[in-house]
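# Structural overview for review
The chain contents come next:
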Amino acid sequence: MSTGNNIGIKLENWFNTAATSFDEKTLRNKTFNVLGSAWDNLVKSGASASELDKAYRNGFINLGKTYITHLDKTYGDGKGNLTLQEYIKSELAKLPLEYKNDPEFIQAARNIANNINVDGNTIIDEKEMAAVLSVFDKDCENGNLNGKINGYDYATCSMCLIEGNNKIGKAIRQKITNRYNQMFGTNIKAK
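A few points on the structure. (Residues numbered from 1 in each chain as written. Predicted model: local features only at pLDDT ≥ 70, side-chain atom pairs only at ≥ 80, totals over all residues. Heavy atoms only, no water.)

### Some thoughts on helix α9 (residues 167-184)
Keep this limit in mind: A run of DSSP states H or I qualifies as a helix once it reaches four residues; a run of E qualifies as a strand once it reaches two. Both are numbered from the N-terminal end. Here a helix's expected span is defined as the number of its residues, less one, multiplied by 1.5 Å. Each residue is assigned to one of three classes by its accessible area relative to the maximum for its type, calculated with a 1.4 Å probe on protein chains only: buried under 20%, partly exposed between the two thresholds, exposed over 50%. Residues are treated as being in contact if the distance between any of their heavy atoms lies within 4.5 Å. Counting of polar contacts relies on pairs of N or O atoms within 3.5 Å, with two restrictions inside protein: one atom must be capable of donating a hydrogen and the other of accepting it, and residues adjacent in sequence are counted only when both atoms are side-chain atoms.
In this model, α9 (18 residues) spans 26 Å end to end at C-alpha, consistent with the 26 Å of a helix rising 1.5 Å per residue. Within the span of α9, buried status applies to G169, I172, R173, I176, T177, R179, Y180, N181, M183 and F184. Close packing links the buried residues of α9 with α4 (49-75), α6 (103-116), α7 (126-137) and α8 (151-161). Measuring from the backbone nitrogen of I168 back to the side-chain oxygen at the start of α9 gives 3.1 Å, which picks out N166 as the cap.

Quick look at the structure:
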């Protein structure tokens, strides 16, 4: 098993653990360090803003790609693309058996996939996953981009991701689209 796949498994397990913790203090102290010590060393060395932006973007792209590869191998056809249906399957796999066929939970999983799918095609790519993971990183309270996702921010953003086309769903789609545009220099409009 490759190291990349181990990181994908580790991230999925971290998400599942954070999603089942309902204690705010526990969630705030539960952190997934996306960028690691290399980022800390860049910051300490006084790297330029453009060097930090590039390292940040590349770290999240690498994690996004690794996570997509893991989900595709685990819940998809393993061909390297994560379709919306495969992502929905991965979301439903997290649920207890009695909820897997519940129309409300199926719709929530569809909403999550559609909110992540910034460009509106049938594939969730590493840039879209990087953007949503970066939204999880952007601390809800102080807007700090530090390459670390804490459980509280993940849980808060995840609750927004299940929303469909209402005000909350539109707001999270706009945040993800904004991060995508900021990270990749595009001008995609939120759907």
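### Some thoughts on the environment of N16
Assignment of secondary structure puts N16 in helix α1 (residues 3-19). As a C-alpha pair, N16 and E91 span 75 residues in sequence and 10.0 Å in three-dimensional space.

### As for the nonpolar core
Selection criterion: We call a set of buried Ala, Val, Leu, Ile, Met, Phe, Trp, Tyr and Cys residues a nonpolar core when their side-chain atoms join them within 4.5 Å.
Ranked by size, the top nonpolar core spans 47 residues in total, and within it Y87, I124, L133 and F136 carry the most contacts. At 9 residues, the largest contribution of residues to this core is made by α4.

### Regarding the packing of aromatic side chains
Stated formally: Only centres within 6.5 Å qualify two rings of Phe, Tyr or Trp (six-membered ring in Trp) as a pair; their planes then separate them into stacked at under 30 degrees, edge-to-face at over 60, and tilted for everything else.
Summed over all chains, the structure comprises 4 aromatic pairs. Geometrically, the ring pair formed by Y56 and F60 is tilted, given 4.6 Å between the ring centres and 35 degrees between the ring planes. Within this pair, Y56 and its partner F60 are both found in helix α4, separated by 4 residues, close to a single helical turn. By the burial criterion, Y56 is buried, and F60 matches it. When the ring of F136 is compared with that of Y154, the centres are 5.1 Å apart and the planes differ by 90 degrees; the resulting orientation is edge-to-face. Linking F136 in helix α7 with Y154 in helix α8, this pair joins segments that are 18 residues apart in sequence. Pair check on accessibility: F136 and Y154 agree, each one buried.

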